[in-house]
Amino acid sequence: MARATLESVARRASVSAQTVSNVLNAPHRVRPETLARVQAAIEELNYRPNQASRTLRTRRSRLIGARIEPPRDGVNGAVLAQFLQSLTARTQVAGYRIVVFTATDDDHECSLYEQLLDDHDLDAFVLHTTHAGDRRTAWLAERQVPFVTFGRPWGAEADAAERHGWVDVDGAQGTLAATRHLIETGHQRIAFLGWPEGSEVGDDRRSGWATLLAVSGIDTPAGYEMGVPDGLDTGRKAAAAMLDLSTPPTAIVCASDSLALGAWTEITARGLRPGADVAVVGFDDSPTAAVVGLSSVAQPYDEAASACLGMLQELLAAPKPSAIPPTPVLLPPRLVVRASG
């Protein structure tokens with residue numbers, strides 16, 4: 001069978017060859033219905049662009065760098081892996097490849113940027129786990145290297161958020177939805193188990209819980225709010241302290257599935273039933289949450305990966321760096337209710 005060409009894809013989709021090229025290199029320029037039709041033709045014909053000729057023509061390597069994290073407790077590593085898996089699948093369809101690497105901190109990551117750019121001529125980077133004082137974005141921006149972040153700017157960087165494109169998930173809306181669900185099912189003693197104050201993502205997730213309780217007129221007694229390092233063991237110990245209160249909570253909203261699973265372990269160790277006796281809701285909807293029946297807030301990783309790739313393609317298609325970056329995207333999460341509450 002003859003190898004599919006750009007022209008044969010164009011004929012199958014009833015579009016011009018230029019439109020097929022736009023779908024591959026600048027999909028944001030193509031109408032959604034046309035984009036879907038061309039992508040279907042690409043899949044049907046198993047069309048794969050000739051990478052060598054494309055590289056010579058565009059002077060692009062079509063390689064995108066992304067950092068991977070080592071597993072910590074069997075939960076958090078799996079969460080980030082879902083985003084990277086979606087990003088890898090989508091970039092592959094678009095004719096790009098992900099180059100993964102590991103780094104110990106921001107400085108180490110920046111040194112790897114330089115090495116990867118020199119050795120492999122990477123086109124762009126996708127960053128994640130953004131935080132206040134994040135020097136990675138400044139390093140890339142100063143060198144006019146295209147990048148987007150999965151995670152919004154925090155701290156002083158937030159004032160300059162318009163300098164680069166970013167995609168994030170609205171953590172506050174996630175915990176607000178979890179708290180609303182618990183109130184609607186009859187709970188009035190709702191605690192929050194999160195990370196130490198100063199964790200930007202943790203503070204964002206805490207705010208949804210705190211805001212809804214405040215507007216609902218529900219008190220939060222002393223001991224109903226705790227911030228601990230993320231992990232199963234810390235989650236269990238914090239839940240134990242909450243359950244030892246003279247008036248313990250009947251429900252616990254958590255900033256992560258790791259903390260929620262730690263709380264789950266403590267609840268069951270006391271002979272109580274998660275959901276029936278003490279409700280617990282996590283965040284991230286990890287594979288473990290689905291297995292044990294833990295209610296959790298799911299992040300739309302595939303949508304986030306799609307938005308990140310779209311921004312990068314927009315940046316890479318521009319003839320020169322633009323003073324106006326892609327519009328940031330804040331995605332809504334989704335509460336998944338299971339047996340735990």
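Residues numbered from 1 in each chain as written. Predicted model: local features only at pLDDT ≥ 70, side-chain atom pairs only at ≥ 80, totals over all residues. Heavy atoms only, no water.

Draft legend 1. Looking closely at the overall build of the chain. Across its full length, the chain holds 13 helices and 12 strands. Dimensions along the principal axes, computed over C-alpha positions, put the chain at roughly 70 × 40 × 35 Å. Put simply, the chain has 341 residues, and 50% of those count as buried. Taking contacts inside the chain between residues at least 6 apart in sequence as the whole, the part at least 24 apart equals 68%. Summed over its atoms, the accessible surface of the chain is roughly 16200 Å², and 52% of this surface lies on carbon and sulfur atoms. Both charge centroids of the chain, one from 32 positive and one from 40 negative side chains, sit 9 Å from each other. (Helix = DSSP H or I, 4+ residues; strand = E, 2+ residues; numbered from the N terminus. Buried < 20%, exposed > 50% of the residue type's maximum accessible area, 1.4 Å probe, protein only. Contact = heavy atoms within 4.5 Å. Areas by Shrake-Rupley, 256 points an atom, 1.4 Å probe, with all protein chains shown as cover. Lys, Arg positive; Asp, Glu negative; His and termini not counted. Charge placed at Lys NZ, Arg CZ, Asp CG, Glu CD.)

Draft legend 2. Representation of the layout of surface pockets. Approximately 630 Å³ is the volume attributed to the second largest pocket. Along its surface, the second largest pocket is lined by 26 residues, and Gln 144, Val 145, Pro 146, Leu 315 and Pro 321 are the ones closest to its centre. Counting residues per element, the ones that place at least two in the lining of the second largest pocket are α7 (135-142) and α13 (301-317). (1 Å grid on protein atoms, 1.4 Å probe; cavity = no way out; pocket = protein on both sides within 12 Å on 5 of 7 lines; lining within 4 Å. Points joined across faces, edges and corners; volume = space filled by probe spheres on them.)

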